[in-house]
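Below, each chain spelled out in residue letters.
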Amino acid sequence: MNKKVRDHFFIVTGGPGMGKTAIIAALREQGHITVPETGREIIRQQVAAGGQALPWVNRQAFARLMFEQSLQDYLEQPATGRPVFFRPGHCRYHRLS
C-alpha cells in the first residue's frame, strides 16, 4: 500500500467560542495555507437551495456532506511541505460505534 505521509498538516481545535476561526484567519493573513470548517458553507448552500441536509433537519445527510467536503479539502492540499492548518467540524456529526 502506498501511503502518503502528510506531517505538515495541523488541526486547530478547541471548544465553542475559543477562537478557532480567528486563529485560522490570522494564519491565513500571515500567508499560511488554511482550510476553514465546511459546515457553515454547507448550511448556506442547503438553505439557499431549499435542501434538507441540515444538522437540524437531516443530521446524517449533513454529516455525509461534511465528511465528503472535508476529505476533498484534505486531498486537494498541495504537496509543498508547507504547513496547512485545518478548521475541523465534521467529527461532531458522526457517532462512533
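See the structure above.
Below you will find a few notes about this structure. Starting from 1, residues in each chain are numbered consecutively following that chain's sequence as written. At least 70 in pLDDT is required for a residue's local features to be given in this predicted model, at least 80 for side-chain atom pairs to be given and counted, and no such filter applies to totals for whole chains, interfaces and linings, which use all residues. Side-chain metrics in this entry use all non-hydrogen atoms of the structure; hydrogen atoms and water are not considered.

**Here we look at the packing of aromatic side chains**
Heads up, the rule is: Two rings from Phe, Tyr or Trp (for Trp, the six-membered ring) form a pair when their centres sit within 6.5 Å of each other. Planes less than 30 degrees apart are called stacked, planes more than 60 degrees apart edge-to-face, and all others tilted. The helix count covers DSSP runs of H or I at least four residues long, the strand count covers runs of E at least two residues long, and both are numbered beginning at the N terminus. Relative accessibility thresholds used throughout: buried, under 20% of the residue-type maximum; exposed, over 50%; partly exposed, between the two (1.4 Å probe, protein chains only).
In this structure the tally under the stated criterion is four aromatic pairs. Consider the rings of F9 and Y74, whose centres lie 5.3 Å apart with planes at 90°: the pair is edge-to-face. Of this pair, F9 sits in strand β1 (residues 9-11) while Y74 sits in helix α3 (residues 59-75), placing them 65 residues apart in sequence. Look at Y74 and F86: their rings are 6.5 Å apart centre to centre, the planes differ by 40°, and that puts the pair in the tilted class. Here the residue Y74 occupies a position in helix α3, and F86 occupies one in strand β3 (residues 84-86), the gap between them amounting to 12 residues. What makes Y74 partly exposed here is its relative accessible area of 30%. The rings of F9, Y74 and F86 are connected pair by pair, giving a single aromatic cluster.

**Thoughts on the pattern of salt bridges**
If the charged atoms of two oppositely charged side chains come close together, the side chains can form a pair. Our working definition: Whenever a carboxyl oxygen of Asp or Glu lies within 4 Å of a side-chain nitrogen of Lys or Arg, that contact is scored as a salt bridge.
For the coordinates displayed, the defined rule picks out two salt bridges. A salt bridge links E37 to R87, with the shortest nitrogen-to-oxygen separation between them at 3.5 Å. Taken together, the positions of E37 in the loop between β2 (33-35) and α2 (39-49) and R87 in the segment after β3 put the pair 50 residues apart, joining distant regions of the chain. Neither E37 nor R87 differs from the other in exposure class; each is buried. Between E41 and R44 there is a salt bridge, with its nearest N and O atoms 3.3 Å apart. Here R44 and E41 lie together in helix α2, a separation of three residues that amounts to about one turn. Overall, R44 belongs to the exposed group, its relative accessible area being 52%.

Geometric values such as these leave the question of function open.
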